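# Structural description and commentary
Letter by letter, the chains look like this.
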Amino acid sequence: AVQLTQSPSSLSASVGDRVTITCRASQGVSSGLAWYQQKPGKPPKLLIHDASNLEIGVPSRFSASGSGTDFTLTVSSLQPEDFATYYCQQFYFFPLTFGGGTKVEIK
Amino acid sequence: QVQLVESGGGVVQPGRSLRLSCAASGFTLSSYGMHWVRQAPGKGLEWVAVISYDGRNKYYADSVKGRFTISRDNSKNTLYLQMNSLRPEDTAVFYCAKDYRSEGSNLDYWGQGALVTVSS
């Protein structure tokens, strides 16, 4: 199975900070990658589809890039509602797999 | 609006079976692949299974292959997960999720989840 390694596993940041999360795949997944945001007690929410496409309704401060094995999710100016855990997920190969998550906490 | 509502969770003894259901509304179920994803308490997300829009193709995580079966009834707008030979490590919140496309891709809508606890 494709392993997705997210880094960092957690980070502390302040409102207004620029935050970047990386996701590295153990083998190339082309653009078959999505990013999700999850808040405690809630289901995940799709932020980015097909590696770099902003899901409808998601604020433009979120952006993503990458292809193959290296991907990034960037929040340009962190807002209070962005404190959450973020996951990447690949769908280029079965079984589908998720990264271990990155918890973004308030500094 | 798209709505996914899981049911059938609960407490079950190791080795027993349980069937989860996911009632879908607000979209044409027969056009999309559907998934089950689980999350153990305090842990990350683990993909479990996917079924294609027409039910012909099914794929599973290695951890559940041979024990879990995903199915769908498009006429009833319902997705199912039959879980047999349950183990304590299957304890998790199980989410059903809609695929962006017909089989396996991004998951664009999620239910609120059903808690399954495997314990004696």
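To keep things clear, this report deals only with the structure shown in the data block. (Residues numbered from 1 in each chain as written. Chains lettered and ligands numbered in written order. Predicted model: local features only at pLDDT ≥ 70, side-chain atom pairs only at ≥ 80, totals over all residues. Heavy atoms only, no water.)

### Some words on the interface of chain B and chain A
The interface is formed by 24 residues belonging to chain B together with 19 residues belonging to chain A. Buried area between chain B and chain A, summed over both chains or domains, comes out near 1,700 Å², and the portion from carbon and sulfur atoms is 63%. For the chain B face of the interface with chain A, the top three residues by lost area are Leu45(B), Trp47(B) and Asn106(B), together amounting to 33%. Counting across the interface, chain B meets chain A through one salt bridge. For Arg101(B), the salt bridge is made with Asp50(A), and the minimal N-O distance between the two is 2.7 Å. Joining chain B to chain A, the criterion identifies six residue pairs in polar contact (both at pLDDT 80 or more). Broken down by secondary-structure element, the contributors of at least two residues to the side of chain B that touches chain A are β4 (34-39), β5 (45-51), β6 (58-60) and β10 (107-110) of chain B. Per-element accounting of the side of chain B that touches chain A gives the leading share, four residues, to β5(B). By residue class, the composition of the side of chain B that touches chain A is eleven nonpolar, eight polar and five charged. (Contact = heavy atoms within 4.5 Å. Buried area = accessible area lost by both parts, 1.4 Å probe. Salt bridge = Lys/Arg side-chain N within 4 Å of Asp/Glu carboxyl O. Polar contact = N/O pair within 3.5 Å; in protein donor to acceptor, adjacent residues only side chain to side chain. Helix = DSSP H or I, 4+ residues; strand = E, 2+ residues; numbered from the N terminus. Nonpolar A, V, L, I, M, F, W, Y, C, P; charged D, E, K, R; others polar.)

### Concerning the state of the cysteines
One pass over the full model with this rule turns up two disulfides over all chains. Residue pairing for Cys23(A): its cysteine sulfur links by disulfide to Cys88(A), the two sulfurs lying 2.1 Å apart. Sign of the S-S torsion, about 75° for the bond between Cys23(A) and Cys88(A), identifies this disulfide as right-handed. Residue Cys23(A) is located in strand β3 (residues 19-25), and its partner Cys88(A) is located in strand β9 (residues 85-90); the two are separated by 65 residues in the primary sequence. Of the residues examined, Cys88(A) reaches a relative accessible area of 0% and is grouped as buried. Residue pairing for Cys22(B): its cysteine sulfur links by disulfide to Cys96(B), the two sulfurs lying 2.0 Å apart. Across the S-S bond linking Cys22(B) and Cys96(B), the dihedral sits near 50°, which makes this disulfide right-handed. Note that Cys22(B) is positioned in strand β3 (residues 18-25) and Cys96(B) in strand β9 (residues 92-99), a separation of 74 residues in sequence. Per residue, the accessibility class of Cys22(B) equals that of Cys96(B), and both read buried. (Disulfide = S-S within 2.5 Å. Buried < 20%, exposed > 50% of the residue type's maximum accessible area, 1.4 Å probe, protein only.)

### Focus on the sheet that holds strand β7 (residues 68-73) of chain B
Residue and element names in this part refer to chain B. Spatial ordering of the open sheet is given by β1-β3-β8-β7, a layout of four strands whose pairing is antiparallel. Of all the strands in the sheet, just β1 (3-7) and β7 have a single pairing partner and so form its edges. Across this sheet, the average inter-strand angle for adjacent strands is 15°, counted without regard to direction. In the sheet, β7 pairs with strand β8 (residues 78-83) via six bridges, with the strands oriented antiparallel. When the sheet's bridge partners are listed, Ser71 is paired in β8 with Tyr80. (Pairing = 2+ DSSP bridges. Axes fitted to C-alpha atoms, helices over the stretch in contact; angles between N-to-C directions.)

### Description of the packing of aromatic side chains
Under the criterion given, the structure shown has nine aromatic pairs over all chains. With 5.6 Å between their ring centres and 80° between their planes, Tyr36(A) and Trp110(B) make a pair best called edge-to-face. Placement of Tyr36(A) in strand β4 (residues 33-38) and of Trp110(B) in strand β10 is noted, with the two residues assigned to different chains. By the burial criterion, Tyr36(A) is buried, and Trp110(B) matches it. Seen from their ring centres, Phe62(A) and Tyr86(A) are 6.3 Å apart, and the 40° between their planes marks the pair as tilted. (Phe/Tyr/Trp six-rings, centres within 6.5 Å; stacked < 30°, edge-to-face > 60°.)

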